[in-house]
Each structure stands twice: as C-alpha cells, then as structure tokens.
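Architecture at a glance
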Amino acid sequence: MRNGIEILQSSLLFPYSEVCHGFSTRTGGVSKGKFKSLNLGLTDGDLKNNIEKNHRRFCRELGFLPDKLVQLVQVHSNNVAVVTEPGIIPQTDALVTDVEDIFLSIKTADCAPLILFDSVRKVVGAIHAGWKGIVQNIISETINVMKRVYKTRSDHVLTVIGPAIHDCCYEVKSEVAGKFDVSEIIERNGKLYLNSVLAIKNRLIKSGLLLDNIHDIALCTSCNANKFFSYRRDRGQTGRLMTVIGLQRDEI
Ligand SMILES: [Zn+2]
C-alpha cells in the first residue's frame, strides 16, 4: 500500500511481468460521504473533479496515465468489444485486446469483475459479470471472441475473479434463482442466495478453462464496508470500484 491506496492483485499473474493488473479498494481517494474515498465511477452525486483525481491516483499506482484506459458504459449485456485504443465504449460489458499500453477497465460495486490473460497468445480480457450478464453467457461469449480473433486456447487462459458480493449477502428472488443451477443457489431461513463465484467458475470450466488457472480473490464487497463499495449494502448510494488489466510496453 502506498499513499493510502490499496490495490489487490493475484499471485496467478505475478509470473507474467508483461501484465499490469489490479482491483481497487475504496481507500486512498479524495471523495467524501457515501463515495469515501476512492470512487472510480461516474455515479451521480459525486464531484467530477474528485473522480478525476481518484482516477489519476489509481492509475499512477498501476504505472500509467488515465488517458490510457478503455472504459465501458456497462449495461448488463453479453456484448464483447475487441479494442485497439483507449476510449469509452458504449453498451458493452466485456473487453479484449492484444495491444500493449492500453488498459481495460471494469467498474463494479457488487457485480463480479473478471480479468483474463492468454499467457501464450498474449491477450488480455476483462468482464463485468453480474447475474444478468452471467445468464446471457457473457463469459463464454468473451472466451469465444478470444478464440476467434486471437486463436486463444482456453487451457492457456488464466482468470481472476475480483471482489464481488458473495453468497453470504447476495439474496435473489426466486425468478432469478430459477435461471441458475440448483447447486449455485443456497437456501437460508426461507431466503435464496446466489453463489455467483461458483456460477462463474462453472461457466469458465464449461468454456474449457482449467481449475488451476482460476483464482478467486474471495472477498465479499457487502461484508467488507471498510474496503469496498457495495450497491446492495449501501442501497444504491455508493461509489464504484475499478478493475484493470493491460499489457505493459516492454522496457527498453
Ligand atoms: Zn457477504
């Protein structure tokens, strides 16, 4: 941790110095009140100035400038974009690239952020995986795009599942529960809870990924109020976490 900013990383990706990645936490920023403090979203109510400052701080910790980010206007779809330059992509929930020096980003506050790395073809991906995206097959769609565009082999893909709301807190209605396998739903005191991490793992495995190549950060956004924003816990009045993955330019 430097400057109060704590970024979570996965040991699964440590052997690959070409990969820059990180999951933000809420500490080390300048936003106040319910957005305290490292709000990296564009949510109503926070000051644009503060959000821009937070972006600069977070990106500086990861070693690049905010204008190298690829950002999404996320809509809980199964739309995947192949990108070659920074910018803002509308109506999309997953990104892939093999271009160096651009940084794919996902914004979340309970939905699971996923990052992917094809360690052979040197391709990175990022997925916004809420329940709607999961049931619309955003995960297999993204892996299929990697296969089609970059000749990725799924057994070469490493995936990290970032902080997300877990089955301790993720209560769902029966209509939602019915869209998932019974093994992915837990019943407690007459209420239904979604084990979204298991739902994600099951779909990654179905797409051909190896279990050893999947790492779950294993932290619940709703349970850890000091560390994370949580849409559910904070009843919609909250900031956004950011997840980033990119290929760093080779040092000369
Ligand atoms: Zn929880």
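Numbers given to residues run from 1 along each chain, matching the order in which its sequence is written. Only residues with pLDDT of at least 70 get local features here, since the model is predicted, and only at 80 or more are side-chain atom pairs given and counted; chain-wide, interface and lining totals rely on the full set of residues.

1. Focus: the overall build of the protein chain
- Under the scheme used here, helices are H or I runs from DSSP no shorter than 4 residues and strands are E runs no shorter than 2 residues, and both carry numbers assigned from the N terminus. Secondary structure summary: the protein chain contains five helices and 15 strands in total.
- Atoms counted for the radius of gyration: C-alpha only. Globule rule: 2.2 Å times residue count to the power 0.38. Against the 2.2 N^0.38 benchmark of 18 Å for 252 residues, the protein chain shows a C-alpha radius of gyration of 17 Å, consistent with a compact globule.
- Judged by the C-alpha coordinates and their principal axes, the protein chain covers about 60 × 45 × 30 Å.
- Once C-beta atoms are placed from the backbone, each residue is buried if 20 or more other C-beta atoms lie within 10 Å of its own, exposed if 12 or fewer, and partly exposed for counts between those two. Counting only residues that meet the buried cut, the protein chain has 44% of its 252 residues in that class.

2. Remarks on the sheet that holds strand 13 (residues 191-194)
- Pairing in this open sheet of three strands is antiparallel, and the strands run 11-13-12 from one edge to the other. Lying at the two open borders of the sheet, with one neighbouring strand each, are strand 11 (171-172) and strand 12 (185-188).
- When DSSP finds two or more bridges between two strands, those strands count as paired. Pairing between strand 11 and strand 13: two bridges, direction antiparallel. Across the sheet, valine 172 pairs through a bridge with leucine 192, a residue of strand 13.

3. A short note on helix 1 (residues 48-62)
- Given a helix with a known number of residues, its expected span is that number minus one, times 1.5 Å. Counted at 1.5 Å a residue, the expected span for helix 1 with its 15 residues is 21 Å, and the 21 Å between its end C-alpha atoms agrees.
- Looking only at helix 1, the buried set comprises Ile51, Asn54, His55, Arg57, Phe58, Cys59 and Leu62.
- Summarising the contacts, the buried residues of helix 1 are in contact with strand 1 (7-8), strand 2 (19-24), strand 3 (69-72) and strand 15 (241-247).
- Just downstream of helix 1 lies glycine 63, where phi reads positive at about 95°. Residue pairs are scored as contacts if the distance between their C-beta atoms, which are placed from the backbone, is within 7 Å.

4. Considerations on the environment of leucine 72
- Examined against the element boundaries, leucine 72 turns out to sit in strand 3.
- By the C-beta count within 10 Å, which is 22 here, leucine 72 ends up buried.

5. A look at helix 3 (residues 138-150)
- Here helix 3 spans 18 Å end to end across 13 residues, near enough to the 18 Å set by a 1.5 Å rise per residue.
- All of the buried residues along helix 3 are Ile138, Ile139, Thr142, Ile143 and Met146. Down the axis, helix 3 shows its buried residues gathered within 135° of arc, on one side only.
- One or two positions beyond helix 3, positive phi appears at lysine 151, with a value near 60°. For this quantity, the arc is that covered by the directions from the helix axis to the C-beta atoms.

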